[in-house]
Amino acid sequence: MNNPARRVLLKHVEFQRFLRLITENQIDLKGAKILDLACGSGHSSLLLKKEFEPSLLVGFDLMPSQVELCKDKKQDLSFVGDLLQLPLKDNLFDAAFGFGLLHHCLDWKRAAKEIHRTLKVGGYLLIEEPEGDAASFFRKWAGFAIPKEGYFTFAEFRNYFRMIGFELVAQKTIWAAPFQAFCFRKM
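The structure contained in this document is the topic of the report that follows. (Residues numbered from 1 in each chain as written. Predicted model: local features only at pLDDT ≥ 70, side-chain atom pairs only at ≥ 80, totals over all residues. Heavy atoms only, no water.)

**Quick word on the packing of helix 1 (residues 4-24) against helix 2 (residues 43-52)**
Here comes step 1: For the pair helix 1 and helix 2, interaxial distance at closest approach is 11 Å and the crossing angle is 40°. When the axis of helix 1 is compared with that of helix 2, the two are oblique. Classified by chirality, the crossing of helix 2 by helix 1 is right-handed. Contacts between helix 1 and helix 2 involve R7, L10, K11, F15, L19 and I22 on the former and, on the latter, H43, S44, L47, L48, E51 and F52.
Here comes step 2: Counted by class, the contact of helix 1 with helix 2 contains 7 nonpolar, 2 polar and 3 charged residues. (Axes fitted to C-alpha atoms, helices over the stretch in contact; angles between N-to-C directions. Helix = DSSP H or I, 4+ residues; strand = E, 2+ residues; numbered from the N terminus. Parallel < 35°, antiparallel > 145°, perpendicular 65-115°, else oblique. Left-handed = near helix turned anticlockwise from the far one by under 90°. Contact = heavy atoms within 4.5 Å. Nonpolar A, V, L, I, M, F, W, Y, C, P; charged D, E, K, R; others polar.)

Below, the structure written as structure tokens:
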């Protein structure tokens, strides 16, 4: 998560895919209140801050060491917490961004509900995820810490988000079919 290759992928592929989804769907996030889910050491937060000049930017991560790295970059915007119980108000954010997050959760469905709770009605969730087979591959062959509970098909993923009150605005391949970027809107 803190290696140069990951930062390049984040900046030049994943974030660009989100920007394309935002542009194609005429979404305006300038000055918005934004939640950076799993902000890590702050690279994604810096991209969000530069692009959207948010009125509020909150970075969240499960790992205290990542939040400390973020703070070392003079980003006093991050906190450590439980994604299943975010210490944030209901209906606070205009948008939330997740750069490969839910497949790491033991209960991704509960985490999705918590993200939904923090978004305003009409707010957007831009999230990218690998499908279950890709997550399984990376767990087995690359040793990534991806729990089996984090495996899902994209049909299951979309259907669950629809069930909890999101509409799918757009879905695009990131760089290969098992890696997709989603734009959901809270209904």
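**Thoughts on the nonpolar core**
Here comes step 1: Counting 29 residues, the largest nonpolar core has L35, L83, L102, I115, L125, F157 and F161 as the members making the most contacts within it.
Here comes step 2: Mapped onto this core, the elements with two or more residues apiece are strand 1 (33-37), strand 2 (56-61), strand 4 (93-99), helix 4 (108-118), strand 5 (119-130), helix 6 (154-163) and strand 7 (179-186).
Here comes step 3: With residues up to four places along the chain from it excluded, the contact list for L125 reads L37, A96, I115, L119, F161, F166, F182, C183 and F184.
Here comes step 4: F15, I34, L48 and A170 belong to the second largest nonpolar core, which has 25 residues in total. (Core = buried A, V, L, I, M, F, W, Y, C linked by side-chain atoms within 4.5 Å. Buried < 20%, exposed > 50% of the residue type's maximum accessible area, 1.4 Å probe, protein only.)

**Comments concerning the pairing of strand 5**
Where a strand is regular, its side chains alternate between the two sheet faces.
Here comes step 1: Of all 12 residues that make up strand 5, 9 are buried, and the element is covered over most of its length.
Here comes step 2: Looking at chain direction, strand 4 and strand 5 are connected through 6 bridges and run parallel. In the sheet register, F99 faces strand 5, and the bridge partner there is E128.
Here comes step 3: Taken together, strand 4, helix 4 and strand 5 form a β-α-β motif whose crossover is right-handed.
Here comes step 4: Bridging between strand 5 and strand 7 involves 7 bridges; their strand directions are antiparallel. Bridge pairing links L125 to F184 in strand 7. (Pairing = 2+ DSSP bridges. Right-handed = clockwise from strand over helix to strand, strands pointing away.)

**Details of the packing of aromatic side chains**
Here comes step 1: Taken as a whole and assessed by the stated rule, the structure comprises 19 aromatic pairs.
Here comes step 2: Judged by centre distance (6.4 Å) and plane angle (15°), the ring pair of F97 and F99 falls under stacked. Each member of the pair F97 and F99 is classed as buried.
Here comes step 3: Ring pairs connect the aromatic residues W108, F152, F154, F157, Y160, F161, F166, F182 and F184, which therefore count as one cluster. (Phe/Tyr/Trp six-rings, centres within 6.5 Å; stacked < 30°, edge-to-face > 60°.)

**Some thoughts on the environment of G165**
Here comes step 1: Along the chain, the position of G165 falls in the loop between helix 6 and strand 6 (166-173).
Here comes step 2: Residue class for G165 comes out buried when judged on its relative accessible area of 16%.
Here comes step 3: The residues touching G165, leaving out its near neighbours within four places in the chain, are H116, R185, K186 and M187.

**Concerning the side chain of H103**
Here comes step 1: Relative to the helices and strands, H103 is located in the loop between strand 4 and helix 4.
Here comes step 2: Side-chain polar atoms of H103 contact the side chain of E129, separated by 2.6 Å.
Here comes step 3: In contact with H103, not counting residues within four places along its chain, are E129, P130, I146, P147, G150 and F152. (Polar contact = N/O pair within 3.5 Å; in protein donor to acceptor, adjacent residues only side chain to side chain.)

The values are spatial; any link to function lies outside them.
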